[in-house]
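Secondary and tertiary structure notes
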Amino acid sequence: MQAAAIMNSGFVKFIFWGILTALAYHICGGIRHLLMDFGMIEESLAAGTRSAYVAIGLTVVLSILAGVLVW
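Residues numbered from 1 in each chain as written. Predicted model: local features only at pLDDT ≥ 70, side-chain atom pairs only at ≥ 80, totals over all residues. Heavy atoms only, no water.

1. Remarks on the overall build of the protein
Definition in use: Secondary structure elements follow DSSP: runs of H or I no shorter than four residues count as helices, runs of E no shorter than two count as strands, and numbering proceeds from the N terminus. Note on method: radius of gyration uses C-alpha positions; expected globular size equals 2.2 Å times residues raised to 0.38. Whether a residue is buried, partly exposed or exposed follows from its accessible area with a 1.4 Å probe, protein chains only, as a fraction of its type maximum: under 20%, in between, or over 50%, in that order. Any two residues whose heavy atoms approach within 4.5 Å are treated as being in contact.
Looking only at helices and strands, the protein features 3 helices and 0 strands. Helices and strands in the protein line up, N terminus first, as α-α-α. In terms of overall dimensions, the protein is more spread out than a globule: its C-alpha atoms have a radius of gyration of 16 Å, far above the 11 Å expected for 71 residues. Principal-axis analysis of the C-alpha atoms gives the protein an extent of 55 × 15 × 15 Å. Evaluated residue by residue, the protein yields a buried proportion of 24% over its 71 residues. In the protein, the proportion of contacts linking residues at least 24 apart, taken out of those at least 6 apart, comes to 61%.

2. With respect to the packing of aromatic side chains
For clarity, the threshold we go by: We call Phe, Tyr and Trp rings a pair once their centres come within 6.5 Å, taking the six-membered ring for Trp, and we label the pair stacked below 30 degrees between planes, edge-to-face above 60, and tilted otherwise.
Under the counting rule described, the total for this entry stands at 1 aromatic pair. A centroid spacing of 5.8 Å and a plane angle of 35 degrees characterise the contact between F14 and W17, whose relative ring orientation is tilted. With F14 and W17 both in helix α2 (residues 10-37) and 3 residues apart, the pair spans about one turn of that helix. Exposure remark for W17: the relative accessible area of 25% places this residue in the partly exposed category.

3. Brief notes about the side chain of R32
Relative to the assigned elements, R32 resides in helix α2. Ignoring anything within four residues of it in the chain, the contact list for R32 reads I41, G48, S51, A52 and A55.

4. Overview of α2
As a reminder of what qualifies: Any helix carries an expected span of 1.5 Å times its number of residues minus one.
Taking 1.5 Å per residue as the helical rise, α2 with its 28 residues ought to reach 40 Å, and the 40 Å between its terminal C-alpha atoms agrees with that figure. Considered for burial, the residues of α2 that qualify are K13, T21, A24, C28, G29, R32 and M36. One or two positions beyond α2, positive phi appears at G39, with a value near 80 degrees.

What follows is the structure, encoded as structure tokens:
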């Protein structure tokens, strides 16, 4: 089987999309923690919850964009 035929497999695309989604979540969470470390986001339960929702929301958007890119 040729490499191009393998990359067109739905299973391979799904795995690649999953890896990109995990990477996007990791980057969003890392930026969130950096902003907290620099004091740009206060360290309270309410602010932590809000910033977590923002990170998850950005991850969903980036995941959709990764899906468009892969497929």
